[in-house]
Amino acid sequence: MKNKKKELSFPTAELVSEELKRERNKIRYRRVLKSAVYALVIVAAVAALIATLILPVLQISGTSMEPTLKNGQIVALVKTANLERGDLCGFSYSNKILIKRVIGLPGDVIVIDEEGTVYVNGYALKEPYVSEKGYGECDIEFPFTVPENEYFLMGDQRTTSIDSRSSVIGCIEREQIVGKLFLRVWPLADFSPL
């Protein structure tokens, strides 16, 4: 029996060079992937901060603001304490954020007649955003004076909206206001400022 010697074979310089390139590409790929993940985490954190502190985004749930806002639409709010009559605003109520329209400012005197016409400080309010007037669920007495640092809010769907006309919700304190709606975001076909 002959003793066979195993020959050692060494890779060629070309193979070594190709393997080094592959290893360098792996290292470069990992660095790029790590950088991309870090960038995405930072962007997500910044977006969450902006959405929480400056521009909250909400999805409309329900029909109390129809025809202005429809169920399922997504809107953006801007944090502000400066509200004017007619503004749409979001406010915190029972761990939810509700959307209603500002009808009365602090100190305003509100009267609603049986047909649903709203009077503010003796003048009938022009309400092109309301498709059908209605008295709705109302258990407060008129004339009603809006207390200091509070707002009288109503939904655009007057017959079904539960709002400041009901003592269940009542007037909304300034501290409860989350922000003013300024942009309808989704669906894209409805994208528009409010």
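Quick summary incoming for the structure in this document. The residue numbers shown here count from 1 along each chain, following its written sequence. Confidence filtering applies because this is a predicted model: local features only for residues at pLDDT of at least 70, side-chain atom pairs given and counted only at 80 or more, and all residues used for totals across whole chains, interfaces and linings. Water and hydrogen atoms were dropped before computing side-chain values, which therefore reflect all heavy atoms in the structure.

### Focus on the packing of aromatic side chains
- Think of it this way: a Phe, Tyr or Trp ring, Trp meaning its six-membered ring, pairs with another when their centres are within 6.5 Å, and the plane angle makes it stacked under 30 degrees, edge-to-face over 60, tilted otherwise. Counting across every chain of the model gives one aromatic pair.
- Ring plane angle 50° and centroid distance 5.7 Å describe the contact between Phe-144 and Phe-152, whose orientation is recorded as tilted. Comparing Phe-144 with Phe-152 shows no difference in burial state: the two are buried.
- Here, over-ring charges are defined by two tests on the NZ atom of lysine or the CZ atom of arginine: distance to the ring centre within 6 Å, and angle to the ring normal within 35 degrees. A cation over a ring is seen here: Arg-101 above Tyr-129, with NZ or CZ 3.7 Å from the ring centre. Burial classes: relative accessible area under 20% of the type maximum marks a residue as buried, over 50% as exposed, and values in between as partly exposed (1.4 Å probe, protein chains only).

### Details of the nonpolar core
- To form a nonpolar core, buried Ala, Val, Leu, Ile, Met, Phe, Trp, Tyr and Cys residues must be joined to one another through side-chain atoms within 4.5 Å. Core analysis: the largest hydrophobic core is formed by 15 residues, its most contacted members being Ile-103, Ile-110, Val-118, Val-120, Leu-125, Phe-152 and Met-154.
- Secondary structure elements follow DSSP: runs of H or I of four or more residues count as helices, runs of E of two or more count as strands, with numbering from the N terminus. Those elements that place two or more of their residues in this core are strand E5 (109-112), strand E6 (118-120) and strand E9 (150-154).
- Residues count as neighbours in contact if any of their non-hydrogen atoms are within 4.5 Å of one another. Every residue in contact with Val-120, bar those within four places of it in the chain, is listed here: Arg-85, Ile-103, Asp-108, Val-109, Ile-110 and Leu-125.

### Topic: the sheet that holds E6
- Pairs of strands are assigned from DSSP output, requiring at least two bridges between the strands. In space, the four strands of this open sheet follow the order E7-E6-E5-E8, with antiparallel pairing throughout. Two strands in the sheet have a free side with no partner beyond their single neighbour: strand E7 (123-124) and strand E8 (144-145).
- Relative to E8, E5 is paired through two bridges, and the arrangement is antiparallel. Within the sheet, the bridge partner assigned to Val-109 lies in E8 and is Thr-145.

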